[in-house]
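Remarks on the overall topology
Residue-level listing of the chains:
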Amino acid sequence: MKTINALLLAAWLPALAVAAKPLTVCTDANPEGFDVVQYNSLVTTNASADVLMNRLVEYDAASGKLKPGLARSWEAGADGLSYTFHLRPGVSFHSTEYFKPSRAFNADDVAFTFERMLNPDNPWYKTAPTGYPHAQAMQFPKLIKAVRKLDAQTVRFELNYPEATFLSSLTMGFASIYSAEYAGQLLAAGKTADLNSKPVGTGPFVFKSFAKDAQVRYLPNPAYFGGKPKVSALIYAITPDSAVRLQKLRAGECQIALSPKPQDVQAAQGDGKLRVWQAPAFMTAFVAFNSQKKPLNSPLVRQAINLAFDKASYLKAVFGNTAVAANLVYPPNTWSYDKAIKPYPYDPAQARKLLAQAGYPNGFDVGIWVRPGGSTLNPNPKAGAEMLQADLAKVGIRLQIKVLEWGELIKRGKAGEHEMLFMGWAGDNGDPDNFLTPQFSCSAVQSGTNFARYCDLRLDKLIADGKKTSDFKARAKLYQAAQKIIHEQALWLPLAHPTAFSLARKDVGGYAANPYGRVDFSAVSLK
């Protein structure tokens with residue numbers, strides 16, 4: 001009998017070893033929704049585009065190159081005015097309780113996805129209450145002349161002018177492909193809002209449920225063209241406090257924790273049960289000044305604030321040794337970064353002189369908005385805001401700090417209601433335009449992603465001209481001129497280029513920190 005039991009146990013143990021387990025990821029904030037084209041925050045991209053959806057073209061962070069997504073191949077026209085995509089056959093949209101697809105992904109879905117964002121006559125165009133911020137900021141309505149279905153597996157984009165950044169822009173979350181069939185079903189039923197709460201995509205995970213301030217639940221997509229994920233479920237445990245995320249990680253309540261504070265990273269490095277992933281982040285933390293509101297409409301005032309802040313002390317206190325000081329809008333290892341531009345020094349005396357010159361010898365009152373919980377770009381909002389408050393008080397500026405829930409902060413910031421706000425921006429790939437167009441173009445003021453609310457025709461032309469040429473030297477020269485204007489106008493108080501960290505338990509494999517803040521759990525396995 002013992003021999004039989006031993007044989008049965010031996011047969012059973014390998015099955016246990018490979019059985020899929022649920023993956024719980026401790027995240028820092030609620031997504032704004034799941035219709036990713038309506039939003040511009042990384043939190044929402046991580047909860048929607050990164051797990052539920054795919055794009056025609058993807059960006060490989062490891063190689064720094066574009067790779068096939070829902071398009072297996074593509075070619076550009078000789079004049080740069082067209083791109084033809086050959087679609088991957090046999091790709092299935094998610095089958096859920098609320099949608100059962102009757103066909104595979106095809107060119108109709110690509111056409112619908114972009115027509116919805118670009119064509120005011122499309123019945124779906126007005127279903128996004130605040131518009132399509134990324135599509136508008138990236139000037140897609142102006143750039144794209146038409147999206148034509150050539151046959152079920154071939155689609156052609158016709159452009160009004162050549163643009164060097166077009167393909168790389170298609171890797172961004174807002175370019176995720178939607179199901180035209182599902183959209184038609186919702187439109188016919190008068191339930192277009194369901195696209196934001198009951199999403200459908202082609203990605204590695206299928207949406208199950210969302211409880212605000214608690215969790216988002218996903219199931220593995222058994223029909224995923226990249227292979228079924230190795231976990232039995234994916235759960236985002238929404239945990240705004242970084243210290244609590246670390247506690248949950250140690251207790252085994254989550255297997256991965258995103259956006260840790262530097263001190264949490266140090267603690268994890270000394271814990272034999274945990275591991276740390278890191279990558280230099282293509283991100284910038286900054287304080288945005290609303291240039292449309294007095295007294296922040298004065299460049300002298302904005303320069304004074306830059307001079308008044310002790311950035312070195314801030315970096316040490318908030319980031320430890322895990323971030324590089326930000327002087328311009330994107331990291332210094334980015335091509336076209338202008339090293340000749342000197343950063344604003346810490347000089348309170350000069351700050352006071354500029355304030356007097358601007359007509360504010362006794363300072364002024366101004367407000368700043370911060371989020372409650374920490375993130376990669378703002379590990380300790382409370383400490384950072386209080387340090388800025390103390391430094392500005394020394395030059396007569398009385399700063400009032402207001403804490404807003406992340407979704408409300410983003411929504412109201414896009415509407416231009418703020419005076420100052422702690423903010424951060426992560427590029428989706430290594431192109432400088434990922435910062436310049438969405439943050440400093442005139443179209444981005446209208447879409448809401450330009451938190452400085454600054455529209456200057458000279459600056460706008462430099463950015464636009466840079467996108468139209470594929471000559472790197474010519475683009476670099478244009479972007480350096482743009483950086484000079486941004487710096488002289490002091491549109492931001494640049495803070496830091498952080499390191500992207502993720503913490504995990506030792507039994508997690510198949511994951512890596514992403515320099516662009518994106519997440520990929522499709523290949524994660526748990527021992």
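The shown structure was predicted, so the numbers you read here are calculated from the model rather than taken from an experiment.

Some thoughts on the overall build of the protein chain
Looking only at helices and strands, the protein chain has 20 helices and 20 strands in total. For 527 residues, the compact-globule estimate of 2.2 N^0.38 gives 24 Å, and the C-alpha radius of gyration of the protein chain, at 24 Å, lies within 12% of that figure. Dimensions of the protein chain, computed from the C-alpha atoms along their principal axes, are close to 90 × 60 × 45 Å. Expressed as a percentage of contacts within the protein chain between residues at least 6 apart in sequence, the contacts between residues at least 24 apart total 71%. Carbon and sulfur atoms make up 53% of the accessible area of the protein chain, which totals about 21100 Å². Separation between the mean location of the 59 positive side-chain charges and that of the 43 negative ones in the protein chain comes to 4 Å.

Considerations on the side chain of His94
The residue His94 is located in the loop between strand S5 (82-87) and helix H4 (107-118) in this model. Taking the relative accessible area as the measure of exposure, His94 reaches 1% and is therefore buried. A polar atom in the side chain of His94 sits 3.2 Å from the backbone oxygen of Phe205. Aside from chain neighbours lying at most four places away, what touches His94 is Leu52, Phe99, Pro101, Val200, Gly201, Thr202, Gly203, Phe205, Val206 and Asn221.

Let's talk about the state of the cysteines
Covalently bonding the sulfur atom of one cysteine to the sulfur atom of another cysteine gives a disulfide. Per the stated rule, a full pass over the model turns up one disulfide. The disulfide partner of Cys442 is Cys455, and the gap between their sulfur atoms is 2.0 Å. For the disulfide bridge between Cys442 and Cys455, the dihedral angle about the S-S bond is near 90°, and by the sign convention the bridge is right-handed. Taken together, the positions of Cys442 in helix H18 (residues 442-447) and Cys455 in the loop between H18 and helix H19 (457-468) put the pair 13 residues apart, joining distant regions of the chain.

A word on the sheet that holds strand S7 (residues 154-159)
Read from one edge of the open sheet, four strands run S4-S5-S7-S6, paired in antiparallel fashion. Both edges of this open sheet fall to strand S4 (71-76) and strand S6 (144-151), since each of them pairs with a single strand only. Geometrically, the sheet is characterised by an average inter-axis angle of 20° between neighbouring strands, direction not taken into account. Strand direction decides the pairing type here: S6 and S7, joined by six bridges, are antiparallel. Among the inter-strand pairings, Asp151 is bridged to a residue of S7, identified as Thr154. Most of the contacts of H4 go to S6, to which it runs at about 165°, and overall it touches S5, S6 and S7.

Structural notes on the pattern of salt bridges
Inspection of the entire model under this criterion finds 20 salt bridges. As a salt-bridge pair, Glu158 and Arg148 come within 2.9 Å of each other at their nearest N and O atoms. Here Glu158, found in strand S7, pairs with Arg148, found in strand S6; they are ten residues apart in sequence, far enough to count as distant. One salt bridge in this structure joins Glu163 and Lys467, with 3.6 Å as the shortest N-O distance. Taken as a pair, Glu163 in the loop between S7 and helix H7 (166-169) and Lys467 in helix H19 lie far apart in primary sequence, 304 residues in all. Summarising the burial analysis for this pair, Glu163 and Lys467 share the class buried. Connected via shared salt-bridge partners are Asp50, Asp428 and Arg518.

Considerations on unusual backbone geometry
Omega for the peptide link from Lys294 to Pro295 comes to -5°, which places this bond in the cis form. Structurally, Pro295 can be placed in the loop between strand S13 (283-289) and helix H12 (299-308). Located in the positive-phi region is Asp213, a residue other than glycine, with phi close to 65°. As for its position among the elements, Asp213 is in the loop between strand S8 (205-211) and strand S9 (215-220). A residue is classified by how much of its surface remains accessible, and Asp213, at 53% relative accessible area, is exposed.

Some details on the confidence of the model for the protein chain
Per-residue confidence for the protein chain gives a mean pLDDT of 94, with 96% of residues at or over 70. A low-confidence stretch, residues 1-17 stays under pLDDT 50, and its non-local contacts, those more than four residues away or across chains, total zero contacts.

Quick notes on the side chain of Asn290
Topologically, Asn290 is positioned in the loop between S13 and H12. Within the local environment of Asn290, its side chain forms a polar contact with the backbone oxygen of Gly416, the two atoms lying 3.0 Å apart. Asn290 has contacts with Leu296, Gly416, His418, Glu419, Phe451, Ala452 and Arg453, leaving out every residue within four places of it along the chain.

Describing the pairing of strand S16 (residues 397-403)
In the sheet, strand S15 (residues 364-370) pairs with S16 via seven bridges, with the strands oriented parallel. Bridge pairing links Val366 to Leu399 in S16. Tracing the backbone out of S15, into helix H15 (residues 381-393) and back to the parallel element S16 gives a crossover that is right-handed.

Side note on the packing of helix H13 (residues 311-319) against H15
Interaxial distance between H13 and H15 falls to 10 Å at its minimum, and their mutual angle equals 160°. Relative to H15, the element H13 lies roughly antiparallel. H15 is crossed by H13, and the crossing has right-handed handedness. When H13 is examined against H15, the residues Ser313, Tyr314, Ala317 and Val318 are found in contact with a partner set consisting of Ala383, Gly384 and Met387. Tallied by class, residues from the contact of H13 with H15 come to five nonpolar, two polar and no charged.

With respect to the packing of aromatic side chains
As enumerated under the stated definition, the model contains 32 aromatic pairs in all. Both rings, one in Tyr98 and one in Tyr182, keep their centres 6.0 Å apart while their planes meet at 40°; by these two values the pair is tilted. Residue Tyr98 is located in the loop between S5 and H4, and its partner Tyr182 is located in helix H8 (residues 180-189); the two are separated by 84 residues in the primary sequence. Taken individually, Tyr98 and Tyr182 each receive the classification buried, so the pair is uniform in this respect.

Examining helix H16 (residues 406-414)
Turning to H16, its buried residues number three or more, namely Trp406, Gly407, Leu409, Ile410, Gly413 and Lys414. Projected onto a plane normal to the axis of H16, the buried residues spread over an arc of 165° and lie on a single side. Tucked inside the fold, the buried residues of H16 contact helix H2 (42-47), helix H5 (133-137), S15, strand S17 (420-426) and H18. For H16, the capping residue at the N-terminal end is Glu405, with a side-chain oxygen 3.1 Å from the backbone nitrogen of Gly407. Trailing H16 by a residue or two, Gly416 shows a phi angle of about 80°, which is positive.

Reading the values: rules and limits
Residue indices begin from 1 for each chain and proceed along its sequence in written order. Per-residue local features are limited, in this predicted model, to residues with pLDDT of at least 70; the limit for side-chain atom pairs, both in listing and counting, is 80 or more; totals at the level of whole chains, interfaces and linings are taken over all residues. Only heavy atoms go into the side-chain values, all of them from the structure, while hydrogens and water stay out. Each helix corresponds to a stretch of at least 4 residues labelled H or I by DSSP, and each strand to a stretch of at least 2 residues labelled E; elements are numbered beginning at the N terminus. For this measure, only C-alpha atoms enter the radius of gyration; the expected value for a globule follows 2.2 Å times N^0.38, where N is the number of residues. By the convention used here, residues are in contact when the closest approach between their heavy atoms is within 4.5 Å. Computed with a 1.4 Å probe, the accessible areas rest on the Shrake-Rupley method; for each residue, only the protein chains presented here act as cover. Charge assignment: positive for Lys and Arg, negative for Asp and Glu; neither His nor the chain ends contribute. Charge positions come from single atoms, namely NZ of Lys, CZ of Arg, CG of Asp or CD of Glu. With a 1.4 Å probe rolled over the protein chains alone, any residue whose accessible area is under 20% of its type maximum counts as buried; one over 50% counts as exposed, and the rest are partly exposed. Under the rule applied, a polar contact is a pair of N or O atoms within 3.5 Å (in protein, one hydrogen donor and one hydrogen acceptor; residues adjacent in sequence only if both atoms are side-chain atoms). Here, the term disulfide refers to a pair of cysteine sulfur atoms separated by no more than 2.5 Å. Being paired, for any two strands, means DSSP has found at least two bridges between them. Only the stretch in contact is used when fitting a helix axis, every axis being a line fitted to C-alpha atoms; angles between N-to-C directions are given from 0 to 180 degrees. When a carboxyl oxygen of Asp or Glu lies within 4 Å of a side-chain nitrogen of Lys or Arg, that pair is called a salt bridge. As a per-residue measure, pLDDT reflects the predictor's confidence and takes values from 0 up to 100. With its strands directed away from the observer, a crossover is right-handed exactly when the path from the first strand over the helix to the second travels clockwise. Should an angle fall under 35 degrees it is called roughly parallel, over 145 degrees roughly antiparallel, and 65 to 115 degrees roughly perpendicular, with every other angle called oblique. When the near helix sits turned anticlockwise from the far one by under a right angle, the crossing is termed left-handed; a clockwise turn instead gives a right-handed crossing. Residues are sorted three ways: Asp, Glu, Lys and Arg are charged, Ala, Val, Leu, Ile, Met, Phe, Trp, Tyr, Cys and Pro are nonpolar, and all the rest, Gly among them, are polar. In this scheme Phe, Tyr and Trp rings, the latter by its six-membered ring, pair at centre separations within 6.5 Å, and the angle between planes marks the pair as stacked below 30 degrees, edge-to-face above 60, and tilted otherwise. The directions considered for the arc are those from the helix axis to the C-beta atoms.

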